[in-house]
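Observations on the model geometry
Residue-level listing of the chains:
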Amino acid sequence: MGSVLTAELPAAIGRVQPGAIILARHGEPALSRKVRLNAGEYRKFWADYEVLGLLPGQTPPKSLMRFVESCGTLVASTRLRSIESAQALAKGRVFTREAMLIEAPLPPPNWPEWLRMSPKMWGFWARVWWWFFNHHEGQETRHEAEKRADEAAAMLIAHAEKGEDVVVLAHGFFNFMIGRALKRQGWRLAWSEGYKYWSMRRFERAD
């Protein structure tokens, strides 16, 4: 018994406690949602949304700024709204940019031109059609996005296992998908602020 404990002791002493993974959503983009659009117009709206940066004059939450100041790794997606969000928080510190963290596509259903809705409602129905009915219009499918989310989660876990917290500045729905992947890989949601702009969701190793 004593020899077994002695053999296990060095491994226990050398084990590093993984840091937390904080999935944060980017700030508010510079594109008004106070419009009503048909399906074709929403495609153009989403294309613009994907390339634009942040609405000027925003101040990131102090709680998120504190996490960024103390984290070991800060990473953003390659979309401009995520990069500018990370820059607003980083205060000059280096952060990485990962294409695997970009948002999942949102092609709207091919509904009649006379049907006009807000971008928020189009986003909801586009996500339903993409998620449940495999409506992707030649873009990334749900299956492909779930595989990408698994890869992103593994990448973030590799950083966290060095013992330092990781903060991600990415996108609402794909962060949700990464969260699902983290849970499948043995992590738990410790607390959540939801999915609004600048919000955070903290994951910790379950064991």
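Details of the structure are given in the entry above.
Residues numbered from 1 in each chain as written. Predicted model: local features only at pLDDT ≥ 70, side-chain atom pairs only at ≥ 80, totals over all residues. Heavy atoms only, no water.

1. Structural notes on the environment of Met 200
Looking at the secondary structure, you find Met 200 in strand 6 (residues 200-205). It is 6.3 Å that separates the C-alpha atoms of Met 200 and Ile 22, two residues lying 178 residues apart in sequence. Every residue in contact with Met 200, bar those within four places of it in the chain, is listed here: Ile 22, Leu 23, Ala 24, Ser 63, Leu 64, Phe 67, Trp 191, Ser 192, Glu 193 and Gly 194. (Helix = DSSP H or I, 4+ residues; strand = E, 2+ residues; numbered from the N terminus. Contact = heavy atoms within 4.5 Å.)

2. A few points about the pairing of strand 1 (residues 21-25)
Burial analysis of strand 1 places 5 of its 5 residues in the buried class, the great majority of the element. Of the two faces of strand 1, the one carrying Ile 21, Leu 23 and Arg 25 and the one carrying Ile 22 and Ala 24 are both buried. Relative to strand 4 (residues 166-170), strand 1 is paired through 5 bridges, and the arrangement is parallel. Across the sheet, residue Leu 23 finds its bridge partner in strand 4, namely Val 168. By the bridge criterion, 4 bridges tie strand 1 to strand 6 in an arrangement that is antiparallel. Paired with Ile 21 across the strands is Phe 203, a residue of strand 6. (Buried < 20%, exposed > 50% of the residue type's maximum accessible area, 1.4 Å probe, protein only. Pairing = 2+ DSSP bridges.)

3. Brief notes about the environment of Lys 91
Turning to its location among the elements, Lys 91 is positioned in the loop between helix 4 (80-90) and strand 3 (96-98). By relative accessible area, which is 58% here, Lys 91 ends up exposed. Sequence-wise, Lys 91 and Glu 50 are 41 residues apart; in three dimensions their C-alpha atoms are separated by 24 Å. Look past the residues within four positions of Lys 91 in its chain and what remains in contact with it is Met 65 and Glu 69.

4. Things to note about the pattern of salt bridges
Taken as a whole and assessed by the stated rule, the structure comprises 13 salt bridges. In this structure, Glu 41 and Arg 116 form a salt bridge, with 2.6 Å as the shortest nitrogen-oxygen distance. One end of the pair, Glu 41, is in helix 2 (residues 39-51); the other, Arg 116, is in the loop between strand 3 and helix 5 (119-133), with 75 residues separating them in the sequence. In this structure Glu 41 comes out as partly exposed when scored by relative accessible area, which is 33%. For Arg 205, the salt bridge goes to Glu 161, with nearest N and O atoms at 2.6 Å. (Salt bridge = Lys/Arg side-chain N within 4 Å of Asp/Glu carboxyl O.)

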